[in-house]
Amino acid sequence: MSQDSKDDPPGFAPPSEPLPDPGPAAEPQPPPYGRPYGTPGPVPGSSPGAHGAPPPYQPYPQAPPYLHAPPPADPTLAEWWQRLVARIVDTVIIGLVVLPLWIWLYVWYFGLPYPETAAGEPDLEAALRQELAFFGLSLLIGLVQAVITFFYDWLQQGRSGQTVGKRVMKTRVVALPDRAPLTGGTAAKRAGAYAVAGQIPVLGLLDVLWHLWDRPHRQCLHDKFAGTVVVKITPGQGAVPGPWDGR
């Protein structure tokens, strides 16, 4: 018995014929690109394991539900009806101040005789002058009303964040970033934006209605311009002193 046969395990029989050539080894194919969402993937920043093993795998995080849903409204913000009633109260107060001017304008205009020529025919040129005078006086009174509105809002909101209407409805204007009391400059920006927008019919209406669909801060356009929000006053909170108190 040969030395080689002594090293063979029991029951081993050498092949009677040579084994066929398996041919060249198939090259490994790369995995398909990408994976379905939620299947395991490599941990970002992980290093290969021992002996060059691939890095550990773990599932991808699932997408949060309602990814694009708007955030809920802040419950501390004033409701739309509170802002509406407060503005109606303030408008009535300002209107009582300006009302005598409007009454005088209309009494003067409708008391003018219809312009006619010496021959008894309508004097179109004189009628046009009357219309232009009425229009100019209307703009002047509207400017006076805007100035009164500006000072009405500015002085009160710069002092306590509240006008008469907001005191009635227990709301207050505060700064948007930190809910701090308004500074005099911020109160002036807010009051000026509201007063100017109110003189332009379409813009004035859009300004006061904007908070109905604005989320999440329920701001009107003049709030966005000044960076303010209107909040509710909780029971027992009282008025917060503004920067002008004690001066």
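Residues numbered from 1 in each chain as written. Predicted model: local features only at pLDDT ≥ 70, side-chain atom pairs only at ≥ 80, totals over all residues. Heavy atoms only, no water.

### Some points on helix 5 (residues 184-197)
In this model, helix 5 (14 residues) spans 20 Å end to end at C-alpha, consistent with the 20 Å of a helix rising 1.5 Å per residue. Every buried residue of helix 5 is listed here: G184, T186, A187, R190, A191, G192, Y194, A195 and A197. (Helix = DSSP H or I, 4+ residues; strand = E, 2+ residues; numbered from the N terminus. Expected span 1.5 Å × (residues − 1). Buried < 20%, exposed > 50% of the residue type's maximum accessible area, 1.4 Å probe, protein only.)

### Describing the packing of aromatic side chains
The full count for this structure, using the stated rule, is nine aromatic pairs. Between W104 and W108, the aromatic rings sit 6.4 Å apart at their centres with planes inclined by 15°, giving stacked as the arrangement. Separated by four residues within a single helix, W104 and W108 lie in helix 2 (residues 80-110), roughly one turn from each other. You can call W104 partly exposed: its relative accessible area is 48%. For W108, a relative accessible area of 28% gives the class partly exposed. Members of the aromatic cluster, joined through ring pairs, are Y106, Y109, F110 and F134. Across from the ring centre of Y194, 3.9 Å away, lies the NZ or CZ of R87, which sits over that ring. (Phe/Tyr/Trp six-rings, centres within 6.5 Å; stacked < 30°, edge-to-face > 60°. Lys NZ or Arg CZ within 6 Å of the ring centre and 35° of its normal.)

### Overview of the layout of surface pockets
Quantified by volume, the largest pocket comes out at close to 340 Å³. Along the wall of the largest pocket there are 14 residues; nearest its centre are T91, Q145, T149, Y194 and G198. Where the lining of the largest pocket is concerned, the elements lending two or more residues are helix 2, helix 3 (124-160), helix 5 and helix 6 (201-209). The element that contributes the greatest number of residues to the lining of the largest pocket is helix 2, accounting for four residues. Residues belonging to the lining of the largest pocket are distributed by class as follows: six nonpolar, seven polar and one charged. (1 Å grid on protein atoms, 1.4 Å probe; cavity = no way out; pocket = protein on both sides within 12 Å on 5 of 7 lines; lining within 4 Å. Points joined across faces, edges and corners; volume = space filled by probe spheres on them. Nonpolar A, V, L, I, M, F, W, Y, C, P; charged D, E, K, R; others polar.)

### Focus on helix 2
For helix 2, built from 31 residues, the straight-helix expectation of 45 Å at 1.5 Å per residue is missed by more than 12%, its first-to-last C-alpha distance being only 39 Å. The sharpest bend along helix 2 comes to roughly 50°, located at V98, with the proline P100 sitting one to four residues further on. When we look at burial in helix 2, the residues that qualify are Q82, R83, A86, R87, D90, I94, V98, L105 and Y109. Against the buried residues of helix 2 lie helix 3, helix 4 (164-169), strand 3 (171-175), helix 5, helix 7 (221-226) and strand 4 (228-232). (Bend = angle between axes of the 7 residues up to and from the residue. Contact = heavy atoms within 4.5 Å.)

### A short note on the environment of A195
Looking at the secondary structure, you find A195 in helix 5. Looking at A195, the relative accessible area reads 5%, which means it is buried.

### Describing the nonpolar core
Formed by I94, V98, L105, Y109, F134, I141 and Y152, the largest nonpolar core amounts to seven residues. When contributions to this core are tallied by element, the ones reaching two or more residues are helix 2 and helix 3. Here the element with the most residues in this core is helix 2; it accounts for four residues. Dropping the residues within four chain positions of it, L105 is found in contact with F134, L137, S138 and I141. A78, V173, A187 and V230 belong to the second-largest nonpolar core, a separate cluster that totals five residues. (Core = buried A, V, L, I, M, F, W, Y, C linked by side-chain atoms within 4.5 Å.)

The quantities given are spatial measurements derived from coordinates; they are silent on function.
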